[in-house]
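# Survey of secondary and tertiary structure
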Amino acid sequence: MQVKDIIAILDLKVFGGSQGLDNEITGGYTSDLLSDVMGFADNGKIWITLQTHKNVIAIASLKDLAAVILIKGNEPDADMLAQAKEEGIPVLGSNEEAFEITGRLYNLITR
Amino acid sequence: MNKYRADLHIHTVLSPCGDLVMSPTNIIEKAREKGLDIIGITDHNTTRHCKLISKLAEPAGIFVLMGAEVTTREEVHCLTFFENDEKLSEFQTYLEKHLPPIPNNTEKFGYQVVVDEDEQIIDEIEFLLLSALDESIEQIEHKVHSLGGIIIPAHIDRPSYSIISQLGFIPSDLMIDGIEISANCKVASVMPFLAKHRDKTIIRNSDAHYEENIGKAFSVFEMEHRSFSEVKLALQGIEGRKVTIA
């Protein structure tokens, strides 16, 4: 499954980084501690978080993550979005909370 | 140059987690006992005890850096300091504007009281001071520097509420005036996370919430005399000034 395949199903907004929409998804990781993501998220995962700081993209890039989903209608900070576009990491948005969007993504990719 | 012993991270009774004996008078007494020359008053997201402590500390021969330990939107704790009452008041207004209106639960978190020099309670803060401000670390940095202040990420080695736990590493373009590590932290353990900030001055403080911890950790400032601007120059290592830690 690729990032672009989940956008319509999960009703996600694409803020930027659409060059990476073909990225292959291997799973998901839900966390708001960037140090935790840096230590434990594996490549190809979709990262679900409420953090909108530009370090999110630095870490997503470092860990080779497939995409980032911002929850609760959060929007990326301007410098986060700029960096996402530059690095080609899709930044997606959901109006749902972490629990709901994580559950729906889990059902989608483990089905 | 003179050497001054400084503990720049001390909470008062105003912080919900600050012990009730952490009154302005007691803090100064303890600081004197511990041989501190400079203390930083840094309650969570409020500066309201700073002016009184600064006033009371003068006859005791202690210089006070007035500020707050702010919680950014990312839940990063940062020490902030300001040069005078006017700048401090402006920052206090900013803090009140950006603190979410979540009521404090005194049973869970403790009291948030403002006292006078006779230790009489003169005010109680309604909203929980432990909440995160609705401003990013960059926005807060801009505000602090627009007021000529100092901003230092606090206890960066800690597994919670530190810039490293919350943001993974220190953003390379973040304008910070120094880095604080906690009492028992080894400098080498944080070096990999400093990224482009390896040249920054590292300070060590007590983060005292109880009086017995005041001065338990400290930094030594070598500078001309004790003033806000000298502290700033010492953090920058200008003209032979420097800060050393044990």
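Computed from a predicted model, the values in this text were never measured in an experiment.

Within chain A, the secondary structure is distributed over five helices and five strands. Mapped from its N terminus to its C terminus, chain A presents α and β elements in the order α-β-β-α-β-α-β-α-β-α. Relative to its length of 111 residues, chain A is compact, with a C-alpha radius of gyration of 12 Å against a globular reference of 13 Å. If you line up chain A on its principal axes, its C-alpha atoms span 35 × 25 × 25 Å. Of the contacts formed within chain A by residues at least 6 apart in sequence, a portion of 51% connects residues at least 24 apart.

On to the interface of chain B and chain A. Across the contact, nine residues belong to chain B and ten residues belong to chain A. Across the side of chain B that touches chain A, the residue classes break down as four nonpolar, four polar and one charged.

The next thing to look at is the pairing of strand E3 (residues 63–71) of chain B. All names here are of chain B. Among the nine residues in E3, nine count as buried, and that is most of the element. Bridging between strand E2 (residues 38–44) and E3 involves seven bridges; their strand directions are parallel. Counterpart to Ile-38 in the pairing with E3 is Phe-63. At this point the chain moves from E2, through helix H2 (residues 50–57), to the parallel E3, and the crossover so formed is right-handed.

All names here are of chain B. Pairing is mixed in the open sheet, where seven strands are placed in the order E7-E4-E3-E2-E1-E10-E11. In this open sheet, the two edge strands, each paired with only one partner strand, are strand E7 (150–153) and strand E11 (242–245). Within the sheet, the average angular offset between the axes of one strand and its neighbour, ignoring direction, is 25 degrees. Running over the sheet, helix H8 (residues 228–236) touches E3, E7, strand E10 (219–223) and E11 and is turned about 105 degrees from E10.

Here we take up H2 of chain B. An α-helix turns once per 3.6 residues; consequently, residues spaced three or four apart project the same way. Regarding H2 of chain B, the residues found buried are Cys-50, Leu-52, Ile-53, Ser-54 and Ala-57 of chain B. On its buried face, H2 of chain B sits against helix H1 (24–33), E2, E3 and helix H3 (85–98) of chain B.

For the rest of this paragraph, the subject is H8 of chain B. Residues and elements named next belong to chain B. The set of residues buried in H8 consists of Glu-230, Val-231, Ala-234 and Leu-235. The arc that holds the buried residues of H8, viewed along the axis, is 140 degrees, so those residues lie on one side. Here the buried face of H8 lies against E3, E10 and E11. One or two positions beyond H8, positive phi appears at Gly-237, with a value near 65 degrees.

Another point: unusual backbone geometry. Residues and elements named next belong to chain B. Positive phi outside glycine occurs at His-155, with the angle close to 25 degrees. Tracing the backbone through its elements, the reader meets His-155 in the loop between E7 and helix H6 (163–167). The exposure class of His-155 is buried, given the 25 C-beta atoms found within 10 Å. One non-glycine residue, Tyr-161, lies in positive phi territory at about 55 degrees. Summarising the element assignment, Tyr-161 is placed in the loop between E7 and H6. Residue Tyr-161 is classed as partly exposed on the basis of its 19 C-beta neighbours within 10 Å.

Reading guide: rules and limits
Residues numbered from 1 in each chain as written. Chains lettered and ligands numbered in written order. Predicted model: local features only at pLDDT ≥ 70, side-chain atom pairs only at ≥ 80, totals over all residues. Helix = DSSP H or I, 4+ residues; strand = E, 2+ residues; numbered from the N terminus. Rg over C-alpha atoms; globule rule 2.2 N^0.38 Å. Contact = placed C-beta atoms within 7 Å. Nonpolar A, V, L, I, M, F, W, Y, C, P; charged D, E, K, R; others polar. Buried ≥ 20, exposed ≤ 12 C-beta atoms within 10 Å, placed from the backbone. Pairing = 2+ DSSP bridges. Right-handed = clockwise from strand over helix to strand, strands pointing away. Axes fitted to C-alpha atoms, helices over the stretch in contact; angles between N-to-C directions. Arc of directions from axis to C-beta.

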